[in-house]
Structures are given as structure tokens and as C-alpha cells.
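For reference, the chains in residue letters:
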Amino acid sequence: MKKALIVYGGWEGHEPRQCVDIFAPLLADSGFDVDLSDTLDAYLNRDRMRALSLVVPIWTMGTIEKAQEQGLLDAIKSGVGVAGWHGGMADAFRNSTTYQWMVGGQWVAHPGGILDYEVHIVDPDDPITRGIDTFKMHSEQYYMHVDPSNEVLATTTFQTEVAPWVNGCVMPIVWKRMWGEGRVFYSSLGHVAKDFDVPEAKEIQRRGMLWASR
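Each chain carries its own residue numbering, running from 1 in the written order of its sequence. With pLDDT at 70 or above as the cut-off, local features in this predicted model cover only qualifying residues; side-chain atom pairs require 80 or more to be listed or tallied, and sums for whole chains, interfaces and linings still use all residues. As a rule here, side-chain values cover all heavy atoms of the structure and leave hydrogens and water aside.

Student: Which residues make up helix 3 (residues 66-78), and what are the values?
Tutor: Numbering goes from the N terminus for both helices and strands, where a helix is a DSSP run of H or I of at least four residues and a strand is a run of E of at least two. The span expected for a helix works out to 1.5 Å for each residue beyond the first. Taking 1.5 Å of rise per residue, the 13 residues of helix 3 would be expected to cover 18 Å, and the 18 Å separating its terminal C-alpha atoms lies within 8% of that figure. Relative accessibility thresholds used throughout: buried, under 20% of the residue-type maximum; exposed, over 50%; partly exposed, between the two (1.4 Å probe, protein chains only). Those residues of helix 3 not exposed but buried are Q68, E69, G71, L72, L73, A75 and I76. Of the surrounding secondary structure, the elements contacted by the buried residues of helix 3 are helix 2 (46-50), strand 3 (54-60), strand 4 (81-85), helix 5 (97-103), strand 10 (170-179) and strand 11 (182-187). Two residues qualify as a contact provided that any one of their heavy atoms is within 4.5 Å of a heavy atom in the partner residue.

Student: I'd like a rundown of the environment of C169, residues and numbers included.
Tutor: Assignment of secondary structure puts C169 in the loop between strand 9 (151-157) and strand 10. Considered as a pair, C169 and Q159 are 10 residues apart in the sequence and their alpha carbons are 8.1 Å apart. C169 has contacts with Y143, T156, T157 and F158, leaving out every residue within four places of it along the chain.

Student: Report on the side chain of D126, specifying residues and quantitative values.
Tutor: Position of D126 relative to the elements: it lies in the loop between strand 6 (114-121) and strand 7 (135-140). At 2.5 Å, the side chain of D126 and the side chain of K176 are in polar contact. Once residues lying within four places of it in the same chain are set aside, the contact partners of D126 are E151, L153 and K176. Identification of polar contacts relies on pairs of N or O atoms within 3.5 Å, with a donor-acceptor requirement for protein atoms, meaning one able to donate a hydrogen and the other able to accept it, and with residues adjacent in sequence counted only if both atoms are side-chain atoms.

Student: Explain the packing of aromatic side chains to me, using residue names and the numbers behind them.
Tutor: Any two rings among Phe, Tyr and Trp, with Trp reduced to its six-membered ring, count as a pair given centres within 6.5 Å; such a pair is stacked if its planes are under 30 degrees apart, edge-to-face if over 60, and tilted if neither. Applying the stated criterion to the full structure yields 8 aromatic pairs. Members of the aromatic cluster, joined through ring pairs, are F23, W85 and F196.

Student: Any chance you could break down the sheet that holds strand 4 for me, citing the residues and the numbers?
Tutor: Within the open sheet, the 9 strands sit side by side as 2-1-3-4-11-10-9-6-7. Their pairing is mixed. Every other strand in the sheet has two partners, leaving strand 2 (32-37) and strand 7 as the edge strands with one partner each. Put simply, the sheet's adjacent strands are angled 25° from each other on average, direction ignored. Orientation is described by axes fitted as lines to C-alpha atoms, over the contacting stretch for helices, and by angles from 0 to 180 degrees between their N-to-C directions. Taken strand by strand, helix 6 (residues 199-212) contacts strand 2, strand 3, strand 4, strand 6, strand 7, strand 10 and strand 11, and its axis lies near 170° from that of strand 11. Two strands qualify as a pair provided that DSSP identifies no fewer than 2 bridges between them.

Student: Pulling in residues and values, what's your account of unusual backbone geometry?
Tutor: The backbone of E15 shows a phi angle near 55°, a positive value even though the residue is not glycine. Within the secondary structure, E15 sits in the loop between strand 1 (2-10) and helix 1 (16-29). Backbone geometry places H86, a non-glycine residue, at a positive phi of 45°. Locating H86 in the fold gives a position in helix 4 (residues 86-90). Accessibility expressed as a relative area gives 1% for H86, which makes it buried.

Below, the structure written as C-alpha cells:
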């Protein structure tokens, strides 16, 4: 049976525990043996980490110790997949640039706060986005610094009075990439658990986790 590890914590505003309650059952229904951890020390157990198929990080802000970061990155490089969303993966450790390199992006702003925006599918043939059309979100629209090597699956276009100089900017919002032998999936959707009431956002995340797992 495939093993998945969900590591959750950090800033409570992103509702890490509530999101665990959404995605842990989904992974179990897909045949995973799911372990939960509320400490980054979970990344220190080298043998446990390398036996995983998937890591799901749900940890916003805070800091990660060098040994914890190395344990996670080494596992991914060896072939363990990683899949996450929003600030729980791309605003986790602001001082850890190697971690950000692995993710493929870092949050920098959400001009206007909670607002209405559209998600545009740019690769309708990918298994993660196949059959999903443009859809609407009412949430934070993430402005990010992103890696040009990402394989972008969906974007959003900014139109805001708060930062009009970025109007028309097309921002990657869902992507996949590699880190060594490990598959990396990220979606910036999912500010709070209720955002996954949008079926497209939830399904993209579910498919992304399955794609990333080895």
C-alpha cells in the first residue's frame, strides 16, 4: 500500500487541521495509508521519509531547521512526491530559498484580499486538468514569484484597483515540476478549507496529489 505523510501546522489562518480533514480521507479512499504529523521533526526520520510515496505539506510561515529541510528535500530528490496548495506549501519558510526552489514559487502578495477571480486552464490535455473548464473563485488571488521551468497547467489574470500596475498580468496558479527524481505539484487555490467547496479546486488538488505520488 502506498504511504502518504501529511505534515500540518504553522499559521492557523489557513486552517491546516480543517484541510487535513478534507484530504486525508480522499487519499485513504485512493488506497493510501495516511500518517499525520504536527511537527516538522517528521522530516528527520530518513528511513520513514524514503518509504513514502507522497508528502503533503500544510504549513504556513514559521521556520524550518536545516536538518528538517534536508530530510524533506532529500526524500523528494530520491523519488518521493510532494503536493500542496496556497500558503501551506508556497509561503511556508520565507528564509529557506532552497525549499522555495523545490516548490517552484513563493507567495509575495494578494492585492485586494478576498475577491472574485477566474482560473483559466492552459493545458486541457494534462491528466490533472483534463475535462475542467474555466471556473470562478472567491478567495485570495495569489501574486507569486515563480520558476520559469514550471510546467504550468492553469493561470489567473490580475485586474485590481489596489495595484493597477499589475493589471493584465497572467499569473501561474497551478503547476507541476521535478526535484531530482521526485514529482512536485502545486496549486495556489485553497486559502481556507471552504475554498475546496469549489469542486474544480478540490478535484485539481486531488489529481495533483495522485500525479505526484510514486
